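# A look at the structure
What follows is the residue order along each chain.
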Number of protein chains: 2
Amino acid sequence: MNKAEKTKQFIVEMTAPVFNEKGYTGTSLTDMTNATGLTKGSIYGNFANKDEVALACFDYNLKKVTTIIRQELDKQKTYRDKLLVYVHVYENFLKHPFPIGGCPILNTATEADDTHPLLKQKATDAILSWKGVIMDLIEKGKDNGEFSEDVNAEQTALTMIATIEGCIMIAKLTGKMNYRNTIMQSVEKMVNGL
Amino acid sequence: MNKAEKTKQFIVEMTAPVFNEKGYTGTSLTDMTNATGLTKGSIYGNFANKDEVALACFDYNLKKVTTIIRQELDKQKTYRDKLLVYVHVYENFLKHPFPIGGCPILNTATEADDTHPLLKQKATDAILSWKGVIMDLIEKGKDNGEFSEDVNAEQTALTMIATIEGCIMIAKLTGKMNYRNTIMQSVEKMVNGL
DNA sequence: GTTTTATTATACCGTTCGGTATATTTATAG
DNA sequence: CTATAAATATACCGAACGGTATAATAAAAC
């Protein structure tokens with residue numbers, strides 16, 4: 001990793017939280033120079049434009065989440081416990097190195113769906129990939145005899161994701177932690193009922 | 001309603017969809033003059049600043065939703081059917097005069113939670129009010145004998161809202177209508193299990 | 001150690017931003 | 001019909017926007 005790559009990485013690391021909090025249009029080049037301590041010239045020497053930084057920041061923020069999830073998934077043995085990882089991670093997201101500003105998928109999806117095709121595509125890919133992982137866990141749990149054969153994997157996956165994302169929105173908005181716990185309990189019940 | 005009030009209303013009606021699609025920071029005064037055909041002077045003769053327009057637009061967009069919901073609620077007799085109104089309205093939101101740009105609560109919540117306290121407060125109030133309405137329906141349904149006495153009204157209300165909002169996000173992002181239907185089916189099952 | 005290359009800082013570009021003072025037009029009242 | 005008040009348009013403000021050419025600096029290669 002040469003100097004240029006290190007600086008690119010540094011810029012992404014420092015601006016990623018800003019993009020996740022303020023959004024794409026809400027984050028200015030001044031925000032970016034403040035966050036990094038670098039000048040505009042330095043940033044544009046490493047990235048073509050603001051878009052490229054934003055896209056890299058989304059990847060960075062998303063990877064933070066997927067890394068946590070993957071690590072916790074590996075710790076669990078049963079597929080039920082693996083599914084419950086999503087509940088426990090989001091319930092205690094403060095215990096993990098979670099992106100500042102909340103879920104990058106939710107933030108990007110709601111801002112970019114009508115305005116920014118490239119970011120929208122990245123958010124879409126993230127959702128579809130997430131859905132695929134959950135469906136895979138469910139199918140394997142069915143093969144394994146853990147879950148009933150008549151469980152609808154896609155429906156369960158989509159409902160889990162929807163509830164979790166809605167939960168994040170409500171909890172962050174209202175600031176009520178017991179709201180988050182209550183909703184996550186519902187997801188837990190759902191997983192335990194498979 | 002004099003001319004000034006009519007113009008204020010007109011400005012809100014024409015800019016509300018823009019704010020809901022592009023967000024607060026994403027909507028410029030030029031967007032507003034384009035949407036209305038008025039000049040900046042006209043808009044600022046009727047509103048103190050961009051903030052005031054944005055807040056009025058949120059109220060306008062939210063009222064569109066609550067009006068639809070209230071009308072459909074009145075059509076139903078049982079409390080179970082009233083709860084299912086949320087499922088059917090969001091499932092067929094194209095059949096109703098739904099705000100362009102999607103759910104204003106979701107859009108405002110994710111943009112404003114870290115950046116705009118006044119808008120954040122409005123979104124928070126909307127969520128808490130929504131929760132209150134659902135809880136009220138559930139409690140009355142319990143008194144009525146429609147629902148089991150051991151139903152947790154708050155948990156059910158919060159989970160319904162979270163799942164619906166997450167559903168809107170996923171459906172709008174991916175463009176897959178069957179995703180929306182599938183998730184809403186889960187909410188329907190939940191209501192039918194009360 | 002010098003030259004070449006990569007990286008960062010400076011200074012500036014034109015444009016758009018939110019906002020405003022003032023002039024002009026339109027509606028209302030006497 | 002005229003005087004007054006309300007509403008709208010024009011023209012402009014300073015500041016911040018995203019972006020860039022170039023100069024200065026630091027790193028790498030020979």
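Residues numbered from 1 in each chain as written. Chains lettered and ligands numbered in written order. Predicted model: local features only at pLDDT ≥ 70, side-chain atom pairs only at ≥ 80, totals over all residues. Heavy atoms only, no water.

## Some words on the nonpolar core
So the rule is basically this: Definition used in this section: a nonpolar core is a set of buried Ala, Val, Leu, Ile, Met, Phe, Trp, Tyr and Cys residues joined via side-chain atoms within 4.5 Å. Per-residue accessibility, obtained with a 1.4 Å probe over protein chains only, is compared with the maximum for each type, and a residue is labelled buried under 20%, exposed over 50%, and partly exposed between these values. Residues are treated as being in contact if the distance between any of their heavy atoms lies within 4.5 Å.
Grouped together as the largest cluster of nonpolar side chains are 119 residues, with contacts concentrated most on A:Y86, A:Y90, B:Y86 and B:Y90. When sequence neighbours within four positions are dropped, the list of residues in contact with A:Y86 reads A:I69, A:L73, A:W130, A:V133, A:I134, A:L137, A:M160 and A:I164.

## Quick notes on the interface of chain A and chain B
To keep it simple, the criterion reads: Summed over both partners, buried area is the accessible surface (1.4 Å probe) that two parts give up on being assembled. A pairing counts as a salt bridge when a side-chain nitrogen of Lys or Arg comes within 4 Å of a carboxyl oxygen of Asp or Glu. Throughout this description, a polar contact denotes any pair of N or O atoms lying within 3.5 Å of each other; where both atoms belong to protein, one of them has to be capable of donating a hydrogen while the other can accept it, and for residues adjacent in sequence the pair is counted only when both atoms sit in side chains. Elements are defined by DSSP. Helices are runs of H or I of four residues or more, strands are runs of E of two residues or more, and each kind is numbered from the N terminus. Residues are grouped as follows: Ala, Val, Leu, Ile, Met, Phe, Trp, Tyr, Cys and Pro are nonpolar; Asp, Glu, Lys and Arg are charged; every other residue, Gly included, is polar.
At the junction of the two partners, chain A supplies 39 residues and chain B supplies 39 residues. When chain A packs against chain B, close to 3,500 Å² is buried across both sides, 66% of that on carbon and sulfur atoms. Counting across the interface, chain A meets chain B through 4 salt bridges. Across the salt bridge formed by B:D114 and A:K172, the nearest N and O atoms sit 2.7 Å from each other. Where chain A packs against chain B, one counts 19 residue pairs in polar contact (both at pLDDT 80 or more). Of all the secondary-structure elements, those providing two or more residues to the side of chain A that touches chain B are helix 1 (3-22), helix 6 (104-112), helix 7 (117-143), helix 8 (153-174) and helix 9 (177-192) of chain A. By residue number, the principal contributor to the side of chain A that touches chain B is helix 8 of chain A, which donates 15 residues. Classifying every residue of the side of chain A that touches chain B gives 14 nonpolar, 15 polar and 10 charged.

## Some remarks on the protein's contact with DNA strand C
For clarity, the threshold we go by: The cutoff for a nearby residue is simple: one of its non-hydrogen atoms must lie within 4 Å of the molecule or strand.
In the region of DNA strand C, 16 residues are neighbours, and A:A4, A:S42, B:T30, B:K40 and B:Y44 sit closest. In DNA strand C, atoms within 4 Å of the protein come 67% from sugar and phosphate. Contacts to DNA strand C include B:Y44, whose side-chain N or O atom sits 2.4 Å from a phosphate oxygen. Elements with a minimum of two residues in the surface near DNA strand C: helix 1 and helix 3 (40-46) of chain A together with helix 2 (29-36) and helix 3 (40-46) of chain B. Residue composition of the surface near DNA strand C, grouped by class: 4 nonpolar, 9 polar and 3 charged.

## Brief notes about the UniProt feature "DNA-binding region" (unreviewed entry) in chain A
We count it as follows: UniProt positions are given in the numbering used here, feature names are shortened, and annotations may be inferred rather than shown by experiment.
Per the UniProt record, "DNA-binding region" (unreviewed entry) is found at residues 28-47 of chain A. Taken as a whole, residues 28-47 of chain A contains 75% helix and 0% strand, while its terminal C-alpha atoms sit 15 Å from one another.

## Section: the UniProt feature "domain: HTH tetR-type" (unreviewed entry) in chain A
The UniProt record annotates "domain: HTH tetR-type" (unreviewed entry) at residues 5-65 of chain A. Between the end C-alpha atoms of residues 5-65 of chain A the distance is 22 Å, and the span holds 80% helix and 0% strand.

## Some details on the packing of helix 4 (residues 50-75) of chain B against helix 7 (residues 117-143) of chain B
Between two packed helices, the angle of one axis relative to the other and the distance separating the axes together describe the packing. Residues and elements named next belong to chain B. Note the following rule: Each axis is a line fitted through C-alpha atoms, taken for helices only over the stretch in contact, and angles between the N-to-C directions span 0 to 180 degrees. Every angle not falling under 35 degrees, over 145, or within 65 to 115 is termed oblique; those three ranges are roughly parallel, roughly antiparallel and roughly perpendicular.
In the contact formed by helix 4 and helix 7, the axes pass within 10 Å of each other and the chain directions differ by 10 degrees. Considering the angle they form, helix 4 stands roughly parallel to helix 7. Between helix 4 and helix 7, the contacting residues are D51, A54, L55, F58, D59, L62 and L73 on the first element and L118, L119, K122, A123, A126, V133 and L137 on the second. A class-by-class count of the residues in the contact of helix 4 with helix 7 yields 11 nonpolar, no polar and 3 charged.

## Some remarks on the relation of the copies chain A and chain B
The following threshold applies: We superpose the copies by least squares over the C-alpha atoms of residues that have a pLDDT of at least 70 in both of them.
Structural alignment of chain A on chain B gives an RMSD of 0.0 Å, achieved by rotating through 180 degrees and translating 0.0 Å along the axis. The superposition of one copy onto the other is thereby described by a two-fold rotation axis. Most of the interface of chain A is mirrored in chain B: 100% of its interface residues are interface residues there too.

## Remarks on the packing of aromatic side chains
The description of an aromatic ring pair rests on the distance of the ring centres and on the angle between the ring planes. So the rule is basically this: Ring pairs are drawn from Phe, Tyr and Trp, using the six-membered ring of Trp, whenever the two centres fall within 6.5 Å, and their geometry is named by plane angle: stacked under 30 degrees, edge-to-face over 60, tilted for the rest. Whether a charge sits over a ring depends on NZ of Lys or CZ of Arg being within 6 Å of the ring centre and within 35 degrees of the ring normal.
Within this structure, the stated rule accounts for 10 aromatic pairs over all chains. Plain terms: the ring middles of B:F19 and B:Y24 are 6.5 Å apart, the flat faces sit at 20 degrees to each other, and that makes the pair stacked. Classification of B:F19 by relative accessible area gives buried; the value is 9%. In textbook terms, an aromatic cluster arises when at least three aromatic residues are bridged by ring pairs, as seen for A:Y86, A:Y90, A:F93, A:F98 and A:W130. Lying across the ring of A:Y24, A:K50 places its NZ or CZ 4.6 Å from the centre.

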